[in-house]
Structure formats: structure tokens, C-alpha cells
Amino acid sequence: MSRRDLVWIVPSGIAATFFGWFGWRTVKIQFLKSGPNAQPQWKQGERVRIAELAELDEVWSFKYFEYPLAAGKLPCTVLRLPGPVPGGLTVEGRHYAAWSRICTHQGCTVDYVRNTEAGAILYNYRSDHPFFGCKCHFGAFDPVQAGKAVFGPPRFPLPRIRLVAELGVLYATGHEVPLRPLESLRTTGGGAGA
């Protein structure tokens, strides 16, 4: 093999490897996302008052709250939805669900994006209804699909928070397992949670 052949073969091999990896990554990100379980597995936790039902009087109204864990306080969101979702709660024909606000990609905090036009610009994701957006890597999660990752690098849905209602008040009583990415970091031995 001559030097002239190497000058052509080596860069071509590097380029082919890069584009092969990039193609696989694109398929993995766009088409191999895990959906939420229809019947979530709950880990019982502390009972925490999060909102009165009257505070969530309109569809798409929301409230941020914190749920206590052994490792600290977990930022969360409760949301009133237009229809029922797996893992949610229906009270007198009104539908509620709550999620962890920790992105399942790399642990950034997601925001509730109510303004879909601003969301299209800020998160590069267009939706006809509000969604959760991660500003670190432009991931998007759909509350209508029970928190499924629908855009960007996240592959797993947002973990749900278990809700109960009593005397017009919503309480959080536990969380879905695994609580990604926190529990997955502990089980794989990486990150600060190990």
C-alpha cells in the first residue's frame, strides 16, 4: 500500500466511522425512546400537601413543589390535564398528574413550558399544547403522554409522583421507581448519587 493510498483511505475511514456513529445516535435519540409504564411501580414516601384543587382550577394550570427524599428535596410539578394519563389522578372529572423536574438525560431541571410559541424558539420543539422542556440539551417531555420524552437526547420519561386527594387537597405520597436519573446513577455506580 502506498503513501498516496493511505492519504485517501485513513480520512475516508475516519469520516465513515463518524457518520456511522452519528446516524446510529440519531436513530437512538429519535426512535428508541422508552414510554412510561401504563401501571407505574410506586415507592411509598412521605405524605406532602402540594396544592388545593381550587389552585388548579383551569386545564394546564400548574404548581411547582418539592418532594422530600433521603438525599434532599426533589423539585416537582403538579399539572391539571385535559384528560387522564397513566399514573395520574382523576377527581370529580378533573385530571391531575405530577412529575419529577429532573431531566432523565443528565439531571438538569426541566421547566413547564406553557407558551408553545416561546417553546418552539427556546427548545426547538413545536407542540400544540404545553410541555416540559430541558434547557441544558433541548429535551422535551409530553405531559399528555404521561411525561414521555418526545424530543432531544432524553430517552426515558420523567418519573411520576403519586397523588392522592382528600377534602379538596392534593397530596404527594411517593414516587415512581426507578427515579431516573437519581436511582440509575446509584445502581450503575456513577455520578454523585453513588
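Residues numbered from 1 in each chain as written. Predicted model: local features only at pLDDT ≥ 70, side-chain atom pairs only at ≥ 80, totals over all residues. Heavy atoms only, no water.

## Notes on the overall build of the protein
Item 1. Along its length, the protein carries three helices and eleven strands.
Item 2. Starting at the N terminus, the α and β elements of the protein follow one another as α-β-β-β-β-β-β-α-β-β-β-β-β-α.
Item 3. A globule of 194 residues ought to have a C-alpha radius of gyration of about 16 Å, yet the protein, at 20 Å, is considerably larger.
Item 4. If you line up the protein on its principal axes, its C-alpha atoms span 85 × 40 × 25 Å.
Item 5. Expressed as a percentage of its 194 residues, the buried residues of the protein come to 41%. (Helix = DSSP H or I, 4+ residues; strand = E, 2+ residues; numbered from the N terminus. Rg over C-alpha atoms; globule rule 2.2 N^0.38 Å. Buried < 20%, exposed > 50% of the residue type's maximum accessible area, 1.4 Å probe, protein only.)

## Some thoughts on the sheet that holds strand 8 (residues 139–142)
Item 1. In spatial order, the strands read 6-7-8-9; together these four strands make up an open sheet with antiparallel pairing. At either end of the open sheet lies a strand with only one pairing partner, and these are strand 6 (110–113) and strand 9 (148–151). When strand polarity is set aside, the average angle formed by the axes of neighbouring strands in this sheet is 35 degrees. (Pairing = 2+ DSSP bridges. Axes fitted to C-alpha atoms, helices over the stretch in contact; angles between N-to-C directions.)

## Some details on the packing of aromatic side chains
Item 1. Following the criterion strictly, the structure yields nine aromatic pairs and no others.
Item 2. Considering the side-chain rings of Tyr125 and Phe131, the 5.0 Å spacing of their centres and the 85 degrees angle between planes classify their relative orientation as edge-to-face.
Item 3. With a relative accessible area of 15%, Tyr125 lands in the buried category.
Item 4. Residue Phe131 is classed as buried on the basis of its relative accessible area, which comes to 0%.
Item 5. Of the aromatic side chains, those joined through ring pairs into one cluster are Phe62, Tyr64, Trp99, Tyr112 and Phe132. (Phe/Tyr/Trp six-rings, centres within 6.5 Å; stacked < 30°, edge-to-face > 60°.)

## A word on the environment of Phe141
Item 1. As for its placement among the helices and strands, Phe141 is situated in strand 8.
Item 2. Residues Phe141 and Val110, 31 residues apart in the sequence, show an inter-C-alpha distance of 9.0 Å.

## Here's the deal with the environment of Val169
Item 1. Position of Val169 relative to the elements: it lies in strand 11 (residues 169–176).
Item 2. Val169 sits 116 residues away from Leu53 along the chain, and the two C-alpha atoms are 5.6 Å apart.
Item 3. Ignoring anything within four residues of it in the chain, the contact list for Val169 reads Arg49, Ala51, Glu52, Leu53 and Val164. (Contact = heavy atoms within 4.5 Å.)

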